[in-house]
Amino acid sequence: EPEVTQTPSHQVTQMGQEVILRCVPISNHLYFYWYRQILGQKVEFLVSFYNNEISEKSEIFDDQFSVERPDGSNFTLKIRSTKLEDSAMYFCASSHSTGELFFGEGSRLTVL
Amino acid sequence: AQRVTQPEKLLSVFKGAPVELKCNYSYSGSPELFWYVQYSRQRLQLLLRHISRESIKGFTADLNKGETSFHLKKPFAQEEDSAMYYCALFYNQGGKLIFGQGTELSVKP
């Protein structure tokens with residue numbers, strides 16, 4: 001069964017460094033998402049992406065964040081200059097039709 | 001504003017007992033509601049959606065528009081039901097699925 005895959009599974013970085021989290025969505029899916037979960041808190045929506053552009057983003061998704069689908073298969077989340085509070089689990093998801101999302105296993109980001 | 005509320009952070013029951021995980025939502029349009037589950041060390045996955053009105057792993061959920069609720073129920077809990085359960089609301093403006101806080105269900109033997 002096809003799955004959403006994410007790399008890396010865990011990344012440790014210094015504050016101020018740039019981080020890129022990578023995702024390979026399920027191949028025939030059209031909608032792509034990033035969510036994050038700070039330890040002990042709920043899963044929070046960051047951004048949705050459809051037809052090669054952002055369709056919706058949350059207030060968390062400020063100018064430090066960007067997403068890209070560089071080659072038709074990968075879907076990346078870039079954090080330009082990481083802050084301590086960016087430490088979280090980041091989940092990528094994709095869907096063919098809206099509503100039922102398929103999630104990756106997550107990338108744990110630790111900012112020191 | 002759209003919101004999903006799960007009032008219980010932790011629900012602990014014994015095997016064989018009935019379970020109800022509460023979910024309330026706030027949405028001015030016609031809601032599309034889901035329950036997602038995350039078993040230990042596994043990814044978030046869809047459990048059920050209100051549109052299909054199905055029962056998955058013995059769980060059911062009924063949308064009550066009057067009470068703006070979508071509670072998840074199972075008559076007889078099993079140990080393998082222990083997991084985090086998230087109620088989620090999807091709305092079509094840009095395609096956004098928002099989650100409640102999650103409820104950890106612990107089923108004791």
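Calculation criteria
Residues numbered from 1 in each chain as written. Chains lettered and ligands numbered in written order. Predicted model: local features only at pLDDT ≥ 70, side-chain atom pairs only at ≥ 80, totals over all residues. Heavy atoms only, no water. Pairing = 2+ DSSP bridges. Helix = DSSP H or I, 4+ residues; strand = E, 2+ residues; numbered from the N terminus. Disulfide = S-S within 2.5 Å. Buried < 20%, exposed > 50% of the residue type's maximum accessible area, 1.4 Å probe, protein only.

**Remarks on the sheet that holds strand 8 (residues 72–74) of chain B**
- The sheet built from three strands is open, its strands ordered 3-8-7 (chain B) with antiparallel pairing. Among the strands making up the open sheet, the edge pair consists of strand 3 (19–21) and strand 7 (60–61) of chain B.

**Some points on the state of the cysteines**
- The full count for this structure, using the stated rule, is two disulfides over all chains.
- One disulfide bridge connects Cys23 of chain A with Cys92 of chain A, the sulfur atoms lying 1.9 Å from each other. Here the disulfide of Cys23 of chain A and Cys92 of chain A is left-handed, its torsion about the S-S bond being about -65°. Here Cys23 of chain A, found in strand 3 (residues 19–24), pairs with Cys92 of chain A, found in strand 9 (residues 88–95); they are 69 residues apart in sequence, far enough to count as distant. Comparing Cys23 of chain A with Cys92 of chain A shows no difference in burial state: the two are buried.
- Each sulfur in the disulfide pair Cys23 of chain B and Cys87 of chain B lies 2.0 Å from the other. Judged by the torsion about the S-S bond (-65°), the Cys23 of chain B/Cys87 of chain B disulfide is left-handed. Residue Cys23 of chain B is located in the loop between strand 3 and strand 4 (24–26), and its partner Cys87 of chain B is located in strand 9 (residues 83–91); the two are separated by 64 residues in the primary sequence. No difference in accessibility class separates Cys23 of chain B from Cys87 of chain B, as the two residues are buried.

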